[in-house]
Amino acid sequence: MTNALDILRERGYVGQTVYEEDLYKVLGEKKVPFYVGFDPTADSLHIGHYIPIMAMAHMQKCGHKPIVLVGGGTGMIGDPSGRSDMRSMLTREQVEHNVASITKQMERFLSFEGENGAVIVNNADWLLDLNYVDFLRDVGVYFSVNKMLTAECFKIRLEKGLTFLEFNYMLMQAYDFLMLYKKFGCLLEMGGNDQWSNILAGADLIRRKERKDAFAITCPLLLNSEGKKMGKTAKGALWLSADRTTPYEFYQYFRNVEDVKVEECLRLLTFVPLDEIKELTAHMDERINVAKERFAYEVTKLVHGEEEADKARIQAKAAFGGDDKNMPVVNVSASADTPVTDILVAAGACNSKSEARRLIEGGGVKINESKVGGVSDSLGAYTNVSEFVLHKGKKFHVRVVLG
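About the thresholds
- Residues numbered from 1 in each chain as written.
- Predicted model: local features only at pLDDT ≥ 70, side-chain atom pairs only at ≥ 80, totals over all residues.
- Heavy atoms only, no water.
- Core = buried A, V, L, I, M, F, W, Y, C linked by side-chain atoms within 4.5 Å.
- Buried < 20%, exposed > 50% of the residue type's maximum accessible area, 1.4 Å probe, protein only.
- Contact = heavy atoms within 4.5 Å.
- Helix = DSSP H or I, 4+ residues; strand = E, 2+ residues; numbered from the N terminus.
- Pairing = 2+ DSSP bridges.
- Axes fitted to C-alpha atoms, helices over the stretch in contact; angles between N-to-C directions.
- Salt bridge = Lys/Arg side-chain N within 4 Å of Asp/Glu carboxyl O.

Visitor: Please provide a residue-by-residue account of the nonpolar core, values included.
Guide: Of all hydrophobic cores here, the largest spans 97 residues; its most connected members are Y50, F143, M190, L240, F254 and L269. Excluding residues that lie within four positions of it along the chain, M190 makes contacts with L8, F34, Y35, V36, A55, M59, I199, I217 and C219. In this structure, V332, L344, I360 and F388 belong to the second largest nonpolar core, which totals 22 residues.

Visitor: Just give me the short version of the environment of W126, but keep the residues and values in it.
Guide: Take W126: it is sitting in helix 5 (residues 124-127). For the pair W126 and Y175, spaced 49 residues apart in the sequence, the C-alpha separation amounts to 9.5 Å. Discounting residues that sit within four places of it in the chain, W126 has contacts with L69, V121, Y175, D176, M179, L180 and K183.

Visitor: Lay out the sheet that holds strand 1 (residues 16-17) with the relevant residues and their values.
Guide: Hydrogen bonding along the main chain pairs the strands of a sheet, whether they run parallel or antiparallel. If you trace the six strands from one edge of the open sheet to the other, you get 1-6-5-2-3-4, paired in mixed fashion. Each of the sheet's edge strands pairs with one partner strand only, and the pair in question is strand 1 and strand 4 (119-122). For strand 1 and strand 6 (residues 215-219), the ladder comprises two bridges, and the chain directions are antiparallel. For Q16, the partnering residue across the bridge sits in strand 6 and is T218. Of the strands in this sheet, strand 2 (33-38), strand 3 (65-70), strand 5 (188-192) and strand 6 are in contact with helix 3 (residues 50-61), which crosses strand 2 at around 165°.

Visitor: Run through the pattern of salt bridges, naming residues and quoting values.
Guide: Per the counting criterion, the structure on display carries 18 salt bridges. One salt bridge in this structure joins D6 and R9, with 3.6 Å as the shortest N-O distance. With D6 and R9 both in helix 1 (residues 4-11), this residue pair falls three residues apart, about one helical turn. Here K229 ties to D194 by a salt bridge, and the two come within 4.0 Å at their closest N and O atoms. Here K229, found in the loop between strand 6 and strand 7 (232-233), pairs with D194, found in the loop between strand 5 and helix 11 (196-209); they are 35 residues apart in sequence, far enough to count as distant. One continuous salt-bridge network, built from bridges that share partners, spans E276, R294, E298 and K301.

Written as structure tokens, this is what we have:
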């Protein structure tokens with residue numbers, strides 16, 4: 001059996017680990033239950049969740065059992081990691097709705113059949129009815145406040161004020177690991193690099209309380225060449241739900257990824273074999289567009305299915321080749337009197353009217369073949385028909401249908 005840790009290392013999924021030699025031995029000797037947690041702060045996962053999901057899929061292919069922990073309990077608080085402000089509080093009904101949506105979405109990425117079929121667990125099952133005094137006696141006694149305050153996930157929040165509510169999050173996530181260890185024999189927690197302190201706390205709790213082995217792996221975050229998180233679009237986050245981010249928008253985002261990130265993204269976000277990736281990226285100056293198209297297609301196929309990936313690829317080629325018939329279509333409620341700035345926002349080309357005005361001032365907007373000249377211009381100054389092609393710069397081209 002191929003050792004999963006070798007595959008994770010080769011493809012770039014391993015950021016930080018503890019007891020790595022012992023973990024390597026365990027993964028080589030037996031099938032290991034492992035988990036990744038997802039807090040239901042929205043009714044869809046986004047691209048920031050995607051690398052841990054792919055790491056789970058690789059682990060499962062090597063025979064290990066994925067446990068998808070949906071945070072119906074921890075989602076009632078919100079993780080302070082990487083944030084300078086407190087997350088919005090969700091109602092119990094909102095959390096339950098989001099949990100149901102995410103549960104259905106995870107079925108795209110993992111197999112739920114067979115001996116090592118994935119299972120979905122909700123931590124609300126043990127957190128919401130927890131006796132707080134018992135929890136403090138059984139779990140809190142193993143945590144040093146001094147040590148917790150040095151954790152990276154709390155440092156930013158300490159400057160602006162860390163609530164006691166959020167301070168409990170690390171204990172609750174550690175308790176999740178303990179419960180999954182007891183219920184499923186779970187030995188490994190995985191997650192993003194920004195979760196290191198929380199994940200380490202869970203492994204440490206099991207080792208101290210149960211006197212048993214427990215392990216942790218964090219995966220790198222998806223960053224651009226400037227070290228900033230990838231996945232922001234004109235509409236906001238890049239979601240894995242077609243209702244929030246269309247397959248075409250998803251495809252186009254990755255078709256336009258930075259040249260220097262193509263090889264890394266192929267390794268982390270697709271199952272394309274490493275030797276094939278090496279061949280694709282061997283002469284990037286000559287074949288960069290071939291590599292980008294292959295990457296965008298593969299990742300869109302994984303997230304949205306082959307049919308939608310095929311359609312997105314056709315639409316992209318049509319948009320850049322002037323094929324109006326196959327160009328992606330956006331329905332917009334507007335009339336001849338509607339300002340072009342409003343059209344840009346409604347069509348998803350810009351996130352705000354101020355952004356639309358700046359784009360027009362820079363000469364970056366065309367309706368059909370006419371450049372939009374004024375920030376206060378209405379649609380009727382450029383077309384009198386109910387369908388037209390909207391161009392934003394060199395990379396955004398859609399056919400707009402007025403409703």
